[in-house]
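One letter stands for each residue in the lines below.
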Protein chains: 2
Amino acid sequence: MKIAIAGAGAMGSRFGLMLKQGGNDVLLIDGWQDHINAIKENGLKANYNGKEITVEIPIVNQNNVPTGEQFDLIILFTKAMQLEKMLQDVKPLIADHTEVLCLLNGIGHEDVIEKFVPMEKIFIGNTMWTAGLEGPGKAKLFGSGSVELQNLGAGQEEAAKKLAETLSASGLNAKYSDNIHYSIYRKACVNGTMNGLCTILDVNMAGLGATKPAHDMVATIVNEFAAVAAKENVNLDIPEVIEHVETCFDPTTIGMHFPSMHQDLIKNNRLTEIDYINGAISRKGKKYGVATPYCDFLTQLVHSKEEILGAK
Amino acid sequence: MKIAIAGAGAMGSRFGLMLKQGGNDVLLIDGWQDHINAIKENGLKANYNGKEITVEIPIVNQNNVPTGEQFDLIILFTKAMQLEKMLQDVKPLIADHTEVLCLLNGIGHEDVIEKFVPMEKIFIGNTMWTAGLEGPGKAKLFGSGSVELQNLGAGQEEAAKKLAETLSASGLNAKYSDNIHYSIYRKACVNGTMNGLCTILDVNMAGLGATKPAHDMVATIVNEFAAVAAKENVNLDIPEVIEHVETCFDPTTIGMHFPSMHQDLIKNNRLTEIDYINGAISRKGKKYGVATPYCDFLTQLVHSKEEILGAK
């Protein structure tokens, strides 16, 4: 199968590597020239569950995608704020039969994708795989994971199931979901609490969880997500989601980690994805007439902090 | 006049010094033993508008106030969270005729004071004087200021005006206000925005003001203060108060300063007064059925940060 990975950062590299090893014809597409050069010169290197491997995969800059070549599948793995630019850049690769799978963190990306791809070719999902980059061209890929995905357009269940099979054939452990929006909102609740709070308080997840106000803050934010989700006919099991979010506090599992937004903003002074997590809830809340003050305030605080730190 | 200063930190030292120089019989009362020892041994030292001066003023530890001595006036100048303990400690000094003047920052202190002093002897106010401590026994007192005060009990206007005259006779520039709650709420809006936001974002006031979300955050918080104040028949001129608050952003006046809460928590890892500023609005909001989510969230964030930093 001819597959383009649009956004070949840590997670895109994982998917590209596994799909390539699974026998697919993979093209990586990215905007980071050092990363592109490294992969062109030396192949994609990875510490893959402790073993150092190198896989030769073609990669191009998104500003310079091949013309006249069309793909069966494009998997979107950009940062949320880079999605629209990426879709514009990969437009020449989208044929009538091309399926587009969006696995970005956050909420509401379909609004952007629909501008470029017909509904019946859009699939959305989320993944529990993890991945890191140690430097240009060098990934760090540990542990196992899974993918859930669903068709956005009506009547495309079979296509979605086939797509899951394609991914699973390369070990990606994908399955069809008949309620992907529930999974996406549930995961967004994790990002919508841990990311913003740990960033603003400059603390890891266990440290946040050890403070008395943590539970009430988490509960209030999850309730705002749930109130917005309910307007989209997604009815979150609020106590279960809060319990799920709070497993992040456990210092014996992932609690000692800083969420990715903390790494982006506090450690590396990069702009965050807050507009596609809490900020998306604020925008949807306004649209639906649902008050989302904690999401509003957290979004404002993170944006202020971006400006204070001169994030780019 | 026999005056006790209950809480002889920076601002208590200023008032004690000026009232002593004005010919009053002043006793300082505090809980910080190094400060007490320094003043006992060397007098209260101050850089007073650039001039080094020393004033001999008696000082006692609040745990050991004199018995059998009663005062005409007790001025309360503790941190908000130390107010109730101080009132318990100075109880032996309160006679039937003793007037108590509260000049603490924050809102709702009268609820505490009323437990110890009859309404008609309570006066509340606020001050625009500033003061700093350079170390035990050593104050830094620059610039000029003013005091506004009002009687809490009905029919005590004359007593309030006389009290203002007493303070003014020592240069404290005090005047009677017929709407002190308005002034207190207006000042609390400054503390309720600059203190919490600059603390959580670790930035000075000009730095906060330079960020795009600053104005909306300030406006939302001031609106919450105003909604609560309205339930107490205090009707803030919201646009004027927002404009007043935002003068703090000016880097050519006070904008380059960090508010006191930032100094307490971020610089010195001390517990903050948030429960008596935004936290007071949250409690009153609950009581009156007024939603105050920004004050709720900011109070929670500051309390979490206190725990994260091990503040004491």
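Residues numbered from 1 in each chain as written. Chains lettered and ligands numbered in written order. Predicted model: local features only at pLDDT ≥ 70, side-chain atom pairs only at ≥ 80, totals over all residues. Heavy atoms only, no water.

## Focus on the nonpolar core
Counted only if it meets this: What we call a nonpolar core is a set of buried Ala, Val, Leu, Ile, Met, Phe, Trp, Tyr and Cys residues that are connected through their side-chain atoms within 4.5 Å. The cut-offs for exposure are 20% and 50% of the maximum accessible area for each residue type, with area from a 1.4 Å probe on protein chains only; residues under the lower value are buried, those over the upper are exposed, and the others partly exposed. Throughout, a residue-residue contact means that at least one pair of heavy atoms, one from each residue, lies within 4.5 Å.
Leu208 and Phe225 of chain A together with Leu208 and Phe225 of chain B are the most contacted members of the largest nonpolar core, which totals 90 residues. In this structure, Leu208 of chain B is in contact with Met194, Leu197, Cys198, Leu201, Val203, Ala214, Met217 and Phe249 of chain B, ignoring residues within four places of it in sequence.

## A few points about the sheet that holds strand 1 (residues 2-6) of chain A
All names here are of chain A. What counts here: The rule for pairing is simple: two strands pair if DSSP sees at least two bridges between them. Put simply, DSSP marks the helices as runs of H or I at least four residues long and the strands as runs of E at least two long, and each gets a number from the N terminus on. In this description, a line fitted to the C-alpha atoms serves as the axis of each element, helices being fitted only across the stretch in contact, and the angle between N-to-C directions of two axes falls anywhere from 0 to 180 degrees.
Spatial strand order, 5-2-1-6-7-8-11-12: 8 strands in an open sheet with mixed pairing. Of all the strands in the sheet, just strand 5 (59-61) and strand 12 (174-176) have a single pairing partner and so form its edges. Shown here is a sheet whose adjacent strand axes are inclined to one another by a mean of 25 degrees, direction ignored.

## A short note on the sheet that holds strand 3 (residues 44-48) of chain B
Residue and element names in this part refer to chain B. With respect to topology, 4 strands assemble into an open sheet ordered 4-3-10-9, the strand pairing being mixed. Two strands bound the open sheet, and with one partner strand each, they are strand 4 (51-55) and strand 9 (132-135). Between one strand axis and the next, the sheet turns through 30 degrees on average, direction left out of account. Judged from the 4 bridges that link them, strand 3 and strand 10 (residues 138-141) form a sheet pairing that is parallel. Bridge assignment links Asn47 to a residue of strand 10, and that residue is Lys140.

## Overview of the domain arrangement of chain A
Interfaces are often sized by the accessible area lost when the parts come together. Residues and elements named next belong to chain A. Basically, it comes down to this: Boundaries between domains were set according to an automatic or database domain assignment. As used here, buried area is the combined drop in accessible area, with a 1.4 Å probe, of two parts when they are placed together.
The assigned domain composition of chain A is domain 1 (2-178) and domain 2 (181-309). A separation of 25 Å is found between the C-alpha centroids of domain 1 and domain 2. Taken together, the contact pairs 17 residues of domain 1 with 16 residues of domain 2. Of the roughly 1500 Å² buried between domain 1 and domain 2 on both sides combined, carbon and sulfur atoms contribute 56%.

## What to know about the interface of chain A and chain B
For the record, the criterion: Gly is put with the polar residues, along with every residue not named as nonpolar or charged; the nonpolar set is Ala, Val, Leu, Ile, Met, Phe, Trp, Tyr, Cys and Pro, and the charged set is Asp, Glu, Lys and Arg.
Tallying the contact residues gives 26 residues for chain A and 26 residues for chain B. When residues of chain A are sorted by the area they lose upon contact with chain B, Leu201, Tyr294 and Phe297 of chain A head the list and together hold 28% of the total. Contributions of two or more residues to the side of chain A that touches chain B are made by helix 6 (180-201), helix 8 (214-231) and helix 12 (293-308) of chain A. Ranked by residues supplied to the side of chain A that touches chain B, first place goes to helix 12 of chain A with 12 residues. Taken together, the residues of the side of chain A that touches chain B break down into 15 nonpolar, 5 polar and 6 charged.

## Side note on the side chain of Gln150 of chain B
Residue and element names in this part refer to chain B. Put simply, the rule is: We call two N or O atoms a polar contact when they sit within 3.5 Å, provided that within protein one can donate a hydrogen and the other can accept it, with sequence-adjacent residues counted only if both atoms are side-chain atoms.
Relative to the helices and strands, Gln150 is located in strand 11 (residues 147-151). What makes Gln150 buried here is its relative accessible area of 13%. Reaching out from Gln150, the side chain makes a polar contact with the backbone oxygen of Asp178 at a distance of 3.3 Å. When near neighbours in sequence (up to four residues on either side) are disregarded, Gln150 contacts Ile122, Phe123, Ile124, Ala160, Tyr176, Ser177, Asp178, Asn179, Ile180 and His181.

## Description of helix 2 (residues 33-42) of chain B
All names here are of chain B. Under the convention used in this document: The directions considered for the arc run from the helix axis to the C-beta atoms.
Within the span of helix 2, buried status applies to His35, Ile36, Ala38 and Ile39. What you see down the axis of helix 2 is that its buried residues fit within an arc of 165 degrees, all on one side. Exposed side of helix 2, more than 90 degrees from the buried face: Lys40 and Glu41 are the residues found there. Buried residues in helix 2 make contact with helix 1 (10-21), strand 2 (25-30), strand 3, strand 5 (59-61) and strand 9. Gly43 lies just past helix 2 and shows a positive phi near 80 degrees.

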